[in-house]
Structure formats: structure tokens, C-alpha cells
Number of protein chains: 2
Amino acid sequence: MESQDLRKAGLKVTLPRLKVLEILEQTAQRHMSAEDVYKALLEMGEEIGLATVYRVLTQFEGAGLVSRLSIEGGHAVFELVDGSHHDHLLCVSCNRIEEFVDEVIEERQRVIAAEKGFEMTEHSLYIYGICKECQKKAG
Amino acid sequence: MESQDLRKAGLKVTLPRLKVLEILEQTAQRHMSAEDVYKALLEMGEEIGLATVYRVLTQFEGAGLVSRLSIEGGHAVFELVDGSHHDHLLCVSCNRIEEFVDEVIEERQRVIAAEKGFEMTEHSLYIYGICKECQKKAG
DNA sequence: AGTGTAAATGAGAAGAGTTTTCATTTATAT
DNA sequence: ATATAAATGAAAACTCTTCTCATTTACACT
Ligand SMILES: [Mn+2]
Ligand SMILES: [Mn+2]
Ligand SMILES: [Zn+2]
Ligand SMILES: [Zn+2]
């Protein structure tokens, strides 16, 4: 029951918020742009404005329910937070997104930040490339 | 003499291109937005349009003379390519940018891409945090 | 040096993605 | 039920960047 998650975040339980959560939970694609969410809502018969979708996603991000990927050149993409941090591989040809966790990289980042005297708050790591399927298609 | 670099890249040797190169070479700040370059040109007395600055920087990027950082939420930032690849640390408080190279991370990225069947074309890694100076100021 | 032609430029319009504004509606505490 | 603060929708605004198109420029070839 996600009404509780909303209340915990200090957010009123509204239809747009519940529906956006529902989309994020039930969608086949884990990573969705605001536009994707907006269209999924329309297909579901919910006429929720795009501005509201942006607002709600941003609030969810603030509440730690959702994380935002800022992909080079493109739209922001959102995904439900499900506990653990991970980074991403992106196919530049078909936009497929894969996830990975690498403790070696995570640790090196901490060391580098410490060496430079930085108090690390976060990091963003994207590996761009051509996925297996797209390599096949290209021959 | 950088006219040669331009010619090698198949670009005509024009005043805007020479001046943008000059700015990038002589500036104190290694990392500059298009706007920064534009303003530096104005201060130098060169009335070169912002659209031209964007065009020239994008062409320089294509020619491998310049690389572009896509920083979360903000403007793109450009820097002269000087041989080796490096990644960046960014202070979220004062926008200071520091550079680092870490072969362990570079290698792990190759391994991860290979494991996922990706042909890696590039990567982007930013460590966000608070720099030493800003930590002092904040107490 | 002069000429032709393709490329480059400047100014402003357009574009994409996202945020803001503001009048109206809604959730929720009383 | 009522009051009130918060949320919403629609459109406008915003920011950064690219495009359009008329004019200018670089440079290959006389
Ligand atoms: Mn993910
Ligand atoms: Mn750099
Ligand atoms: Zn692909
Ligand atoms: Zn700082």
C-alpha cells in the first residue's frame, strides 16, 4: 500500500500521485521519461497533465522513492528506487538501458574523492555503447 | 600555429574559429561553457555571435580538438583536448572542476561492457561533492 | 590580383525539455 | 460540513541549444 509512502514523504495522497506510482510499478520498462509516464497515464484513461507528471516525479525523487538519470543530450529518465544503488549502460543505437553494480568502481570513487579533498555527495556513471542485439543487426 | 589544425579538420580558417581557439588556449579556466567563450570574445573586442560559438565548439568537438562535458542540469562545458582522457570531480557548491584519471575504473568499465555484450563507445563519469575550500567555508 | 562558388557567419526564430504562474479544485484536519 | 493549505491543469515562460536564411567570407582557380 503506497499511500503510506506518500504520507511518510509529507505528500497528500492524490490520484495523480497514486497513478504515477502505479505506472512506475507496473510498467514493463523500468526506466521511463516524464513523457513516457504521461503517455502511459493517457492510455490508462487518466488525463493527468504533463506538468503534474514532472512535479510528481520531482517530488518522488526528493522523497527518495524515485531516481533520475540524466542521460547525455536526452530527456531525464526516472525509475523506482528499489534499495540498492546501481549504474547504467546505454545503447546509443536502440536506447536500451542495462544496469550494473561494481564495488571496485564504487570504492575507487571514494578514494579519488578523498585524495582530492572532496566530500562526495553522489556520482553519475554511464557507459555508452552498442548492445549485443544492435551489433547483430549492424552486421 | 593552429591554422593547420583547422585545415586538417577540413575547416576553413576563419576569424571566429581562430579566436575561439585562442580563448580556449589562453583562458585561466580550462572548462568553459559556450556562454563563457562568447563573453570572453566580447571582452576581447570580438563581436562573434553566440550561435557561431556553439557551431564552432561543436565542430571542434567533431574534429577532436575539444571535448564536451554534459554536467547534470547545467550547460555543456568545453575544454581543449590535450592528449589523454580524464574524468571529473565537480563541486556542487562553487562549481569548481577537478580532473582525475583512474586506470582501475577505466579497466572495470571495459570488463563490465564486455560482460554485458556491449561494444563500449564512450563513458561519462562525474563525481559530485563539496570541495575542500567549500567545506572550510561551511564550517 | 580578380572571380566564382561553396562554406561560414550573424541575428533572430525555433525547438526541446522542463519549470513556473495562477486560477480552480481537492485532500484532510477540525 | 467547513476551512485552509496543498495540489492540479493549462498555458506561458524559461534555459540552453540548434536551425534558418540572407549576407559575407575564404580560398581554388584563372
Ligand atoms: Mn536503473
Ligand atoms: Mn577536463
Ligand atoms: Zn541497442
Ligand atoms: Zn567548492
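Residues numbered from 1 in each chain as written. Chains lettered and ligands numbered in written order. Predicted model: local features only at pLDDT ≥ 70, side-chain atom pairs only at ≥ 80, totals over all residues. Heavy atoms only, no water.

Another point: the overall build of chain A. When its secondary structure is counted, chain A shows 6 helices and 5 strands. When the helices and strands of chain A are placed in sequence order, the string is α-α-α-α-β-β-β-β-α-β-α. Expressed as lengths along the three principal axes of its C-alpha atoms, the size of chain A is roughly 45 × 45 × 25 Å. Taking all contacts inside chain A whose residues are at least 6 apart in sequence as the whole, residues at least 24 apart take part in 45%. Of the charged side chains in chain A, 16 are positive and 24 negative; the average position of the first set lies 2 Å away from that of the second. (Helix = DSSP H or I, 4+ residues; strand = E, 2+ residues; numbered from the N terminus. Contact = heavy atoms within 4.5 Å. Lys, Arg positive; Asp, Glu negative; His and termini not counted. Charge placed at Lys NZ, Arg CZ, Asp CG, Glu CD.)

The strands making up a sheet associate through backbone hydrogen bonding, with each pair oriented either parallel or antiparallel. With mixed pairing, the 6 strands of this open sheet are ordered in space as β4(A)-β3(A)-β5(A)-β5(B)-β3(B)-β4(B). The strands lining the two open edges of the sheet, one partner per strand, are β4 (97-100) of chain A together with β4 (97-100) of chain B. The sheet shows a mean angle of 25° between the axes of neighbouring strands, taken without regard to direction. Judged from the 11 bridges that link them, strand β5 (residues 119-130) of chain A and strand β5 (residues 119-130) of chain B form a sheet pairing that is antiparallel. Across the sheet, the residue bridging to G129 of chain A is M120 of chain B, located in β5 of chain B. Where helix α5 (residues 103-115) of chain B meets the sheet, it contacts β3 (87-91), β4 and β5 of chain A together with β3 (87-91) and β5 of chain B, and its direction lies at approximately 135° from that of β5 of chain B. (Pairing = 2+ DSSP bridges. Axes fitted to C-alpha atoms, helices over the stretch in contact; angles between N-to-C directions.)

All names here are of chain A. Along the polypeptide, F60 turns up in helix α4 (residues 50-62). In this structure, the C-alpha to C-alpha distance between F60 and E46, residues 14 residues apart in sequence, is 19 Å. Apart from the residues within four sequence positions on either side, F60 is in contact with L6, L11, R17, V20, L21, L65 and V66.

For the rest of this paragraph, the subject is the domain arrangement of chain A. All names here are of chain A. Its domain assignment divides chain A into domain 1 (3-80) and domain 2 (87-138). The centre of domain 1, based on its C-alpha atoms, is set 23 Å off from the matching centre of domain 2. Listed per partner, the contact involves 8 residues of domain 1 and 6 residues of domain 2. Here domain 1 meets domain 2 over a buried area of about 580 Å², counting both sides, of which 60% is carbon and sulfur. Counting the surface domain 1 buries against domain 2, the share from its top three residues, H31, L69 and I71, is 63%. Where domain 1 meets domain 2, there are 1 salt bridge. Notably, a salt bridge pairs E99 with R30, separated by 2.8 Å at the nearest N-O pair. (Domains from an automatic or database assignment. Buried area = accessible area lost by both parts, 1.4 Å probe. Salt bridge = Lys/Arg side-chain N within 4 Å of Asp/Glu carboxyl O.)

The next thing to look at is the interface of chain A and chain B. Listed per partner, the contact involves 34 residues of chain A and 34 residues of chain B. Taken together, both faces of the contact between chain A and chain B bury some 3200 Å²; the carbon and sulfur share is 62%. Counting every contact that joins chain A to chain B gives 2 salt bridges. A salt bridge links D102 of chain A to R108 of chain B; the shortest N-O distance between them is 2.4 Å. Within the residue set of the side of chain A that touches chain B, elements represented by two or more residues are β3, β4, α5 (103-115), β5 and α6 (132-138) of chain A. Counting residues per element, the side of chain A that touches chain B draws most heavily on β5 of chain A, at 12 residues.

We now examine the packing of helix α2 (residues 15-26) of chain A against helix α3 (residues 34-43) of chain A. Residues and elements named next belong to chain A. Taken N-terminus to C-terminus, the directions of α2 and α3 make an angle of 105°; their axes are 10 Å apart at the nearest point. By the criterion of interaxial angle, the relationship of α2 to α3 is roughly perpendicular. Touching K19, V20, I23 and L24 of α2 are V37, A40 and L41, all from α3. (Parallel < 35°, antiparallel > 145°, perpendicular 65-115°, else oblique.)

For the rest of this paragraph, the subject is the coordination of the zinc ion (ligand 3). A metal bound by six donors in octahedral fashion has ideal angles of 90 or 180 degrees, whereas one bound by four tetrahedral donors has an ideal angle of 109.5 degrees. All names here are of chain A. In the first shell of the zinc ion (ligand 3), the protein supplies C91 (SG), C94 (SG), C131 (SG) and C134 (SG), at 2.2 to 2.4 Å from the metal. With 4 donor atoms in place around the zinc ion (ligand 3) and angles of 103 to 113° between them, the coordination shape is tetrahedral. Site description for the zinc ion (ligand 3): donor spacing in sequence, C-x2-C-x36-C-x2-C. For the residue pair C131 and C134, the accessibility class agrees, reading buried in each case. (Donors = N, O, S within 2.8 Å, 3.2 Å for Na, K, Ca; no water. Tetrahedral: all angles 85-135°; square planar, octahedral: opposite > 155°, others 65-115°. Buried < 20%, exposed > 50% of the residue type's maximum accessible area, 1.4 Å probe, protein only.)

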